[in-house]
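# Breakdown of the fold
Okay, here's what each chain looks like letter by letter:
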Amino acid sequence: MSQSPRALAPVTQDAMASFAHCDNPRLAEVMALLVKHLHAFVVQAQLSKEEWMQGLQFLTACAAITDEERNEFSLLSDVLGISSMVDVVSQPVGGTSSSVLGPFHNHDSQLQPNGVDLTHGQAGERTWLHGRVVDVQGKPIANSQIDFWQNADNGLYPAQDPAQDPHNLRCKIHCDADGGFELLTIRPHPYTVPTDGPVGAMLAAAKRNIWRPAHYHVIVSAPGYVGLVTELFPAGSAYIDNDTVFGVREGLIVDFKPCQNAEVAKRYHLQAPFYEVQFEFCLVEQALQ
Ligand code: BEZ
Ligand code: FE
């Protein structure tokens, strides 16, 4: 027979209070709230001992597959929508929406000249990506930086595909004095999150979609501004309404427009039409946060 919530309440109260003497008040607050909501989950789900043991075995399997290269806990956070909820609650007011970082960012990405051609003869639909970095008043931010990465025409990132150079389709760029940036790249493709671990088994058991819509990853930064980790999604991409990590936000969906610009075609040795994507990234001043 299950116990009434009233009978369980003292356990929750005691467990929450056990953090009250922590020297770090924020840690005390977060831990007490975590206990409160985990206890409520146990009560509401009427969790059995076997189910809790399965949950612990699942977390143990996540730990076993996690190393420097692969973090199954990040993936779990992503597919449960927790990474996206953290994005939403930590989003400064007025800036471009943030979105998930994902596992394929490379801190050692190379600085390239503004206007770089990242395509190097590889397959893929040529896309001229350009725009500006501005503040919440629309004023250009000089000295801003773009860190860009995406998957190749086969849907894979370099870490998943030994045939690719580790720096393929990724770069850092310093924007010009008007916050302007541009580069030539290819159209990205939908791709599945890694499914060879316990999170993949959980998605299969739940009969969940494993695909992400096509996307570009971008980190935008500038001294004195809150850094932005975000993504751009081609309008109409498959899975745009069913992203398995819940990263799509309305303001991050962009049109891939056919472009005939002769000057750009000449500069990049392109045959028109190619695709054009234009986007303005808006950063919030740290002081305004
Ligand atoms: C990605 O965008 O590459 C990604 C994001 C979250 C989890 C797995 C992959
Ligand atoms: Fe990605």
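Residues numbered from 1 in each chain as written. Chains lettered and ligands numbered in written order. Predicted model: local features only at pLDDT ≥ 70, side-chain atom pairs only at ≥ 80, totals over all residues. Heavy atoms only, no water.

## Focus on the sheet that holds strand S12 (residues 274–283)
The strand order across the open sheet formed by four strands is S5-S2-S12-S11, and the pairing between neighbours is mixed. Two strands in the sheet have a free side with no partner beyond their single neighbour: strand S5 (180–186) and strand S11 (257–259). Here the average twist between neighbouring strands, direction ignored, is 35 degrees. The sheet contact formed by strand S2 (residues 126–135) and S12 spans nine bridges and is parallel. Paired with Leu129 across the two strands is Val277, which belongs to S12. (Pairing = 2+ DSSP bridges. Helix = DSSP H or I, 4+ residues; strand = E, 2+ residues; numbered from the N terminus. Axes fitted to C-alpha atoms, helices over the stretch in contact; angles between N-to-C directions.)

## Overview of the coordination of the iron ion (ligand 2)
For a metal with four tetrahedral donors the ideal donor-metal-donor angle is 109.5 degrees, whereas six octahedral donors ideally subtend 90 or 180 degrees. Donor atoms from the polypeptide that coordinate the iron ion (ligand 2) comprise Tyr157 (OH), His215 (NE2) and His217 (NE2), at 1.9 to 2.1 Å from the metal. Each donor residue of the iron ion (ligand 2) belongs to the same chain, and together they define the spacing Y-x57-H-x1-H. With a gap of 60 residues between them, Tyr157 in the loop between strand S3 (145–149) and strand S4 (170–174) and His217 in strand S8 (residues 216–221) connect regions that are remote in the sequence. Each member of the pair, Tyr157 as well as His217, is classed as buried. (Donors = N, O, S within 2.8 Å, 3.2 Å for Na, K, Ca; no water. Buried < 20%, exposed > 50% of the residue type's maximum accessible area, 1.4 Å probe, protein only.)

## Brief notes about the pairing of S5
Successive side chains on a regular strand alternate, one facing one side of the sheet and the next facing the other. Counting buried positions over the seven residues of S5 gives six, a clear majority of the element. The sheet contact formed by S2 and S5 spans seven bridges and is antiparallel. Its bridge partner being in S5, Leu129 is matched across the sheet by Leu183.

## Quick word on a nonpolar patch on the surface
Taken together, the side chains of Trp52, Met53, Leu56, Leu59 and Phe73 define a hydrophobic patch exposed on the protein surface, amounting to about 460 Å² of accessible area. Ranked by the residues each element gives to the nonpolar patch, the list is headed by helix H3 (residues 49–65), at four residues. Residue position: Phe73 is located in helix H4 (residues 72–79). You can call Phe73 partly exposed: its relative accessible area is 34%. (Patch = residues over 30% accessible without salt bridge, like charges linked within 9 Å, V, L, I, M, F, W, Y side chains within 5 Å. Areas by Shrake-Rupley, 256 points an atom, 1.4 Å probe, with all protein chains shown as cover. Salt bridge = Lys/Arg side-chain N within 4 Å of Asp/Glu carboxyl O.)

## Some words on helix H2 (residues 25–45)
With 21 residues, H2 extends 30 Å from end C-alpha to end C-alpha; this agrees with the ideal 30 Å at 1.5 Å per step. Listed in full, the buried residues belonging to H2 are Ala28, Ala32 and Val35. Summarising the axial view, the buried residues of H2 lie within an arc of 60 degrees, below the 170-degree limit, and thus occupy one face. What points out from H2, more than 90 degrees from its buried face, is the exposed set Arg26, His37 and Gln44. (Expected span 1.5 Å × (residues − 1). Arc of directions from axis to C-beta.)

## Notes on the nonpolar core
Core analysis: the largest hydrophobic core is formed by 31 residues, its most contacted members being Val133, Ile146, Phe148 and Phe281. Within the residue set of this core, elements represented by two or more residues are S2, S3, S4, S5, S8, strand S9 (228–234) and S12. Here this core takes four residues from S12, the largest share from any one element. Those residues in contact with Val133, other than ones at most four positions away along the chain, are Lys139, Pro140, Ile141, Ser144, Ile146, Cys175, Gly179, Phe181, Val220, Phe281 and Leu283. Core analysis: the next-biggest nonpolar cluster, separate from the first, contains nine residues, Cys62, Leu75, Val199 and Leu203 among them. (Core = buried A, V, L, I, M, F, W, Y, C linked by side-chain atoms within 4.5 Å. Contact = heavy atoms within 4.5 Å.)

## Some words on the pattern of salt bridges
Applying the stated rule across the entire model yields nine salt bridges. Linking Arg26 and Glu29 is a salt bridge whose minimum nitrogen-to-oxygen distance equals 3.0 Å. In this pair, Arg26 and Glu29 both sit in helix H2, three residues apart, roughly one turn of the helix. Since its relative accessible area comes to 52%, Arg26 is described here as exposed. Residue class for Glu29 comes out partly exposed when judged on its relative accessible area of 43%. Because the salt bridges share partners, they merge into one network encompassing Arg70, Glu72 and Asp196.

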